[in-house]
Every structure is written in C-alpha cells, then in structure tokens.
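Each chain is listed here by its residues.
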Amino acid sequence: MSDNYYSLKPETILKAAEKLNLNPTGHILQLNSLENRVYSLYLEDFYFNLRRIFKINRVYSLYLEDSSQVVIKIYRPGRWNENQILEEHSFLKELKDDDIPVCAPLSFDGKTLHIIDDFIYTVFPKNGGRIPDEFSDDDLMMIGRLIARIHNTGRLKKAVHRIKICPETFVHANLDYMEQKKLLPQRYLSVYHKLADKITTAFDEASKDIPLHRIHGDFHWGNLLKRDSNFIVLDFDDFVTGPAVQDIWMLAPASDAEGQRKREVLLEGYREFAEFDRSWLNLAPVLKAMRFINYACWIGKRYDDPAFKNAFPHYGTDNYWESEIKDIEAILLESGIEPESKSELLEDKDYFFDM
C-alpha cells in the first residue's frame, strides 16, 4: 500500500473532480470512513447561481444541502478489483431502476469508475438526511419492506465477482491469513481453530435449505438516512451473496425482550414483500461469530494505515484476543453450542461493525 493513500492531499481530490468537469469550489469535507477515503465537495456553479439570485454570502451557503455537493469515494487499493466494484454499481443501478431508494453512483460518459493518480474513484450524489436516534414501529415496518425489496431485486441475478458469506471466506481464509502473517499469537491458535470448526459445523447445520442471493451485507443503522418520512440506504461496498437474515440481525439483534419485539415488527414489514422463514433466524448467531473473525482479520490487514492504529489502539494485545474469544464463545451459546469453558464468558451485547 502506498503512503500516498494514507495521506491523500486536497489537490488530488480537487483534481479528481475537475477531471469530470465538476468545477469544485475548493471546500472539501472528509467523511467518516475507515475502509475507503470519502470526501464531500461543494460545486462552484451552484454557489455562483445562489449568490447571484439571492445575494447571500458564501459562508452561509456552506450549510445548504444536496445539489450543492457531490461525494467522491476513493477506493482502498487491493480491497476489491474493478470487476467487483462495477458489479456493486450494476446492482445499485438495478435497485434504482426498481425505485428502491439507494445512493447509486453518477455516470460520466457512461462510466462510473475513474482513475486519478493510480487510485480508483467514484462520484455519488450527496444525500441529505440524518441517522435517527430511535426508530418507531412505523419506521421498522418501512425498513422491513425496504430490505425485502432489495432482496427481491437481489434474487433476480447472480453475483459473478463478489464473495459469498460462508465459513471458507469469512472464517478459515481469515484465520489462515492471521496465522501466516503472525497477527494471531501462537498461544491462541488452538482455541481459534476449535472455534472455527464449531462455527463451520453450526453454519452447515443452520444454513441447510436457506436460499442465498445478493444482499447488502453490512446493513446496520449507520447505513440508513432518514429525510422527512423516507429512508435511503447507503454504502453497498460490502455487498455479497448471502442469506437474507444477514441483513436482519445487524438491524435487529433481538438481544432482549424489546429487541425481539422490534425484530418481529421489522419482519412483519419484510413479509409484506418477501418470504422469510422463522427457521432462518437460527443462522443469526453463527453469522455474528463469523463476523467477529472476519472483522479481526480486516483490522489486521490494514494496521499499517495510521487511521486504523488510531481507531484500534489495543488491537493485537492479549486483552484484545482474550476478549474476542470470550465474545465468540458467548455468541455461539446462542446457537446452543457449548464452548470449551463457560466460566469466563462476557455478558451478551449487541454487535455491528462498520467496514
């Protein structure tokens, strides 16, 4: 990985916009993203017209939304190849064509992928809105319908280039990488391999007859924006082939009675548009455990990035690995799988991660 990616200069971002004749003002705001580098840019034509018509100061116009801005996303080198990214863009176009509210990339001369200084980037429209602090039952019903509609479109085609959620990709490949790169200390290898075997057995049992299709893959609350009474879904960067329940458990962990009630409300909305068999929920704890191992490897692969060192200062310590092991054991208990020892389990909690 080039250090140039870790310290991208504003000039590079502006040059990327100018290459597509977007005419930026020079105002750049870096958005919250560890995996990729994402920037909001203000556009000059909008400001010019605004000042001419309303005679307002540029400083005040910084706070206006949407048509004044675009978002430039510079992809982390080596994470996805161009075919995988284009498959994401194609899926977003299908969803958009089906009137599903997603943030799809803008096309310039028929292309959604562009190159600047050897980096691949895409331009998205800026969507105004906020992440709500709480969700009403009406919100949950609406979100359930929205997920079902995404899945209905996802069932229409197969993903050729994207990965599939399974123990081979999310558990064993990651464990092999961490062992090879010595990210995982030798003293924890035996425990992790036992956990990996248990996860694989549990997945094989719980996933029998569950259909797999294109899904969002990283559907947590941070990837939903609400504006007025409508929601828009963001960030399909982790889109994969997988079971529908993957996009359910992250939104509705159901870790207590109220959480279970909210999950039922969300599923009620989902079932208005698509089938969801209750037995599919048995796979949710296994998917959580798989995500823990995938997440630990994800951090390790990027730990030379200063942003990751700042975000995860305790990564790789004994405390980190021991806590991970206890958490995975606790999650597996949800599937009725007994760990090696239950005496040191951490108390259960909700999990989601932003990759």
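Above this text is the structure in question.
Below is a summary of the structure that appears in this document. (Residues numbered from 1 in each chain as written. Predicted model: local features only at pLDDT ≥ 70, side-chain atom pairs only at ≥ 80, totals over all residues. Heavy atoms only, no water.)

Judged by how many residues are buried, strand β5 (residues 119–125) sits mostly within the fold: 6 of 7 residues are covered. Pairing geometry for strand β3 (residues 69–74) and β5, over 5 bridges, is antiparallel. Directly across from Lys 73, in β5, lies its bridge partner Thr 122. Across 3 bridges, the pairing between strand β4 (residues 114–116) and β5 is antiparallel. Bridging from a neighbouring strand, Ile 116 pairs with Phe 119 of β5. Where β4 folds back onto β5 in an antiparallel hairpin, the turn is made up of 2 residues, including Asp 117, whose phi is positive at roughly 50°. (Buried < 20%, exposed > 50% of the residue type's maximum accessible area, 1.4 Å probe, protein only. Helix = DSSP H or I, 4+ residues; strand = E, 2+ residues; numbered from the N terminus. Pairing = 2+ DSSP bridges.)

Residue placement: Pro 306 occurs in helix α12 (residues 306–311). With a relative accessible area of 42%, Pro 306 lands in the partly exposed category. When the C-alpha atoms of Pro 306 and Ser 7 are compared, they prove to be 9.4 Å apart, with 299 residues separating the residues in sequence.

What follows deals with the packing of aromatic side chains. For the structure on display, the rule yields 18 aromatic pairs. An angle of 80° between the planes, with centres 6.5 Å apart, marks the rings of Trp 298 and Phe 312 as edge-to-face. You can see Trp 298 sitting in helix α11 (residues 284–301) and its partner Phe 312 sitting in the loop between α12 and α13 (318–333), a full 14 residues away along the chain. Its relative accessible area of 16% is what places Phe 312 among the buried residues. Ring centres 4.9 Å apart and planes at 65° place the aromatic pair Tyr 315 and Tyr 320 in the edge-to-face group. (Phe/Tyr/Trp six-rings, centres within 6.5 Å; stacked < 30°, edge-to-face > 60°.)

So, about the packing of α11 against α13. At a minimum axis distance of 8 Å, the contact between α11 and α13 shows a crossing angle of 160°. Relative to α13, α11 is oriented roughly antiparallel. The chirality of how α11 crosses α13 is left-handed. For the pair α11 and α13, the contacting residues are Pro 285, Lys 288, Ala 289, Phe 292, Ile 293, Ala 296 and Ile 299 in the first and Tyr 320, Trp 321, Glu 324, Asp 327, Ile 328, Ile 331 and Leu 332 in the second. Considered class by class, the residues forming the contact of α11 with α13 number 11 nonpolar, no polar and 3 charged. (Axes fitted to C-alpha atoms, helices over the stretch in contact; angles between N-to-C directions. Parallel < 35°, antiparallel > 145°, perpendicular 65-115°, else oblique. Left-handed = near helix turned anticlockwise from the far one by under 90°. Contact = heavy atoms within 4.5 Å. Nonpolar A, V, L, I, M, F, W, Y, C, P; charged D, E, K, R; others polar.)

Attention now goes to the pairing of strand β2 (residues 37–43). Extensive coverage of β2 is indicated by the burial of 7 of its 7 residues. As defined by bridge partners, strand β1 (residues 24–30) adjoins β2 across 4 bridges and the pair is classed as antiparallel. The residue of β2 that forms the bridge with Leu 29 is Ser 40. If you look at the hairpin formed by β1 and β2, you'll find 6 residues sitting between the two strands. With 6 bridges joining them, β2 and β3 adopt antiparallel strand pairing. Within the sheet, the bridge partner assigned to Val 38 lies in β3 and is Lys 73.

Let's shift gears to the layout of surface pockets. Rolled over the atoms, a probe sized like a water molecule indicates the empty space that remains. By volume, the largest pocket is sized at about 820 Å³. Lining the largest pocket are 29 residues; nearest its centre among them are Leu 31, Asn 32, Val 38, Leu 234 and Asp 235. One number sums up the size of the second largest pocket: a volume of about 490 Å³. Around the second largest pocket sit 26 residues that line it, and Arg 79, Asn 294, Trp 298, Lys 301 and Arg 302 are the ones nearest its centre. Those elements that place two or more of their residues in the lining of the second largest pocket are α7 (167–180) and α11. Split into classes, the residues belonging to the lining of the second largest pocket amount to 13 nonpolar, 6 polar and 7 charged. (1 Å grid on protein atoms, 1.4 Å probe; cavity = no way out; pocket = protein on both sides within 12 Å on 5 of 7 lines; lining within 4 Å. Points joined across faces, edges and corners; volume = space filled by probe spheres on them.)

Pairing is antiparallel across the open sheet formed by 5 strands, whose spatial order is β1-β2-β3-β5-β4. The open sheet has two edge strands with one neighbour each: β1 and β4. Ignoring strand direction, the axes of neighbouring strands in this sheet form an average angle of 35°. Taken strand by strand, helix α2 (residues 10–19) contacts β1, β2, β3, β4 and β5, and its axis lies near 125° from that of β1.

With that settled, the discussion passes to the packing of α7 against α11. The description of two helices packed together rests on the angle between their axes and the distance between the axes. At a minimum axis separation of 9 Å, α7 and α11 run at an interaxial angle of 40°. Regarding the angle of α7 to α11, the classification is oblique. When the axes of α7 and α11 are compared, the crossing they make is left-handed. Residue-level contacts link Pro 167, Phe 170, Val 171, Asn 174, Tyr 177 and Met 178 of α7 to Met 290, Ile 293, Asn 294, Ala 296, Cys 297 and Lys 301 of α11.

Tallied over the full model, the rule gives 22 salt bridges. Between Lys 226 and Asp 139 there is a salt bridge, and its shortest N-O distance comes to 2.9 Å. Remark: Asp 139 occurs in helix α6 (residues 137–154) and Lys 226 occurs in strand β7 (residues 224–227); sequence separation between them is 87 residues. For the pair Lys 226 and Asp 139, a shared accessibility class is recorded, and that class is buried. Among the salt bridges present, the one from Glu 264 reaches Arg 278, with a minimum N-O distance of 2.8 Å. Linking Glu 264 in helix α10 (residues 257–270) with Arg 278 in the loop between α10 and α11, this pair joins segments that are 14 residues apart in sequence. When salt bridges that share partners are traced, they join Glu 35, Arg 37, Lys 73, Arg 76, Arg 79, Asp 235, Asp 237, Asp 238, Arg 302 and Asp 305 into one network. (Salt bridge = Lys/Arg side-chain N within 4 Å of Asp/Glu carboxyl O.)

Keep in mind these values describe shape, not function.
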